[in-house]
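Inside the fold
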Amino acid sequence: ITAYVYGIHLLVMPMLLYFTVKGVSLEYQEKLINFIFLLNIVLVVTGLSMFFLRPDFYTHYLDEILASRNPTERWQLYARLQSYLGSTATGIIAAISIALLTFTRFKPLLKYTLLIMLFFAVLLTQQRGAYISAIFASLYYLSNNKINFKYLLLFVSIISVGGIYIFSTSINDEESYLYYTANRVTTDVINSNPYSERAISYQKGLMYLSEFPFGMGIGATTSAADNGGAHPGGQVVDANYMRILSDLGIVGLYVFIAVLVFATRSIFVRQRPKAFLVILLIYSFQATGTNVFDSYYVTHLYWLFLGIIDTPNKKV
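These lines cover the structure that appears in this document, whether it is placed above or below.

Conventions adopted
- Per chain, residues are indexed from 1 in the order of the written sequence.
- Per-residue local features of the predicted model are confined to residues with pLDDT of at least 70, and side-chain atom pairs are confined, for both listing and counting, to 80 or more; whole-chain, interface and lining totals are unaffected and use all residues.
- Only hydrogens and water are set aside when side-chain values are computed; all heavy atoms of the structure are taken into account.
- Distance thresholds for patches are 9 Å for like charges and 5 Å for nonpolar side chains (Val, Leu, Ile, Met, Phe, Trp, Tyr), applied to residues having over 30% relative accessible area and no salt bridge.
- The accessible surface values rely on the Shrake-Rupley method and a 1.4 Å probe; as for residues, cover is taken only from the protein chains in view.
- Here a salt bridge means any side-chain nitrogen of Lys or Arg lying within 4 Å of a carboxyl oxygen belonging to Asp or Glu.
- Relative accessibility thresholds used throughout: buried, under 20% of the residue-type maximum; exposed, over 50%; partly exposed, between the two (1.4 Å probe, protein chains only).
- Strands are runs of DSSP state E lasting at least two residues, helices are runs of H or I lasting at least four, and both sets are numbered from the N terminus onward.
- What a helix should span is 1.5 Å times the count of its residues minus one.
- Residue contacts are counted whenever heavy atoms from the two residues lie within 4.5 Å of one another.
- Comment: axis = line fitted to C-alpha atoms, over the contacting stretch for helices; angle = value between 0 and 180 degrees taken between N-to-C directions.
- Throughout, a crossing is termed right-handed when the near helix is turned clockwise from the far one, and left-handed when it is turned anticlockwise from it by less than a right angle.
- For the purposes of this section, nonpolar cores are sets of buried Ala, Val, Leu, Ile, Met, Phe, Trp, Tyr and Cys residues that join through side-chain atoms within 4.5 Å.
- For this analysis, a ring pair means two rings from Phe, Tyr or Trp (six-membered ring only for Trp) whose centres lie within 6.5 Å, classed as stacked if their planes differ by under 30 degrees, edge-to-face if by over 60, and tilted for the remaining angles.
- Note on geometry: a ring has a charge over it if NZ (lysine) or CZ (arginine) is within 6 Å of the ring centre and within 35 degrees of the ring normal.

We now examine a nonpolar patch on the surface. Among the surface-exposed residues, Phe214, Ile250, Val251, Tyr254 and Val255 lie close enough to one another that they form a single nonpolar patch of about 590 Å² accessible area. Relative accessible area serves as the criterion here: at 48%, Ile250 is assigned to the partly exposed category.

Along its twelve residues, helix H16 (residues 298-309) runs 17 Å from first to last C-alpha, staying within 8% of the 16 Å computed at 1.5 Å per residue. With eleven of twelve residues buried, H16 is to be regarded as a mostly interior element. Tucked inside the fold, the buried residues of H16 contact helix H1 (2-12), helix H2 (16-22), helix H3 (26-53), helix H6 (87-100), helix H14 (240-269) and helix H15 (275-286).

Glancing now at unusual backbone geometry. With a phi angle near 50°, Arg54 is a residue other than glycine that sits in the positive phi range. On the basis of relative accessible area, Arg54 is assigned to the partly exposed category, the value being 23%. Positive phi values are uncommon outside glycine, yet Asn70 reaches one of about 50°. One can find Asn70 in the loop between helix H4 (56-65) and helix H5 (74-77).

Turning our eyes to something else, we now look at the packing of H15 against H16. Viewed as axis vectors pointing N to C, H15 and H16 meet at an angle of 145°, and their least axial separation amounts to 11 Å. The crossing of H15 and H16 is left-handed. In this structure, H15 uses Phe276, Ile279, Leu280 and Tyr283 to contact H16, whose residues at the interface are Val298, Leu301, Tyr302, Phe305, Leu306, Ile308 and Ile309.

Now for H3. For H3, which comprises 28 residues, the first-to-last C-alpha distance of 40 Å matches the rise-based estimate of 40 Å (1.5 Å per residue) to within 8%. Looking one or two residues past H3, Arg54 carries a phi angle of roughly 50°, positive in sign.

In this section: the nonpolar core. When a protein is soluble and globular, its nonpolar side chains tend to lie buried together. Judged by nonpolar contacts, the single largest core of 76 residues is most densely connected at Leu100, Phe276, Tyr283, Tyr302 and Phe305. Other than its neighbours up to four places away in sequence, Tyr283 contacts Ile96, Val292, Phe293, Val298, Leu301, Tyr302 and Phe305.

Below, the discussion takes up the packing of aromatic side chains. This model, assessed by the stated rule, comprises 14 aromatic pairs. Ring geometry for Phe256 versus Phe293: centroids 4.8 Å apart, planes at 75°, classification edge-to-face. With Phe256 in helix H14 and Phe293 in the loop between H15 and H16, the pair connects residues that are 37 residues apart, well separated along the chain. Of the two residues, Phe256 and Phe293, neither departs from the other in class, the shared state being buried. Within the aromatic cluster, the residues linked to one another by ring pairs are Phe51, Phe52, Tyr58, Tyr61 and Tyr78. Between Arg54 and the ring centre of Phe51, over which it is positioned, the NZ or CZ distance is 5.9 Å.

What follows is the structure, encoded as structure tokens:
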């Protein structure tokens, strides 16, 4: 029952945003998107500031939230950009925000600054899925906006020099951020199979399906419920579709995927900006190896975006 309450709180309540945002005007939705973008920028800027300044109160905060990993040295706390929502959520939000840049009306100079800052933040999160998502979102942004080569060259030069300086600093006594990030890209993205690491979660999901074809109940295999001591079967991590399958069974997973399919259809039928298609693709892709739909605030944004997508371009 406790796990069920976790499921209602974390997974069902955010769905109400879908209905709420559909009830407001298109003008208000536009303002809401810009406000969300600014909130995301605050998350990234705060994370970058704490990452480089490393005040004692933030170090203590990281020590608490990462206690389960038993960090023994200070550099282990700062191996990834965490901000205040964790590296996984920060990486996803930064990648999504690159797509949201197309909604802003900032001057090109500021847009390029934000684009590079967001991409830089994704690199520091060391999240492989966010790497790919950020590249995809950046290509979409550059292909749908007039490229100002003067600003692009200027900021690429500045960020390259600054990036080399920052990444060349030591993450510990033996490695630099440059080596750490390069190794993450080559070893863990290009030359490895990230999904082989998730095999145990996929196997666990299929095992639960064979035992409970209609699911164990919403919230049963979430990390939040497990951390709270409510673990009827143990959490299913880094495989969001398998977590949904375990909780809701094959019918529940089918309905959830159907929501994604119809949301994609609505983008074209209701003539919504294609940036929403990029955002849905980011969510759908990262859910194969990350519990993106279970992350606080990230899942709230998902249902909010679905509500905006399903709003007619011209309300009657």
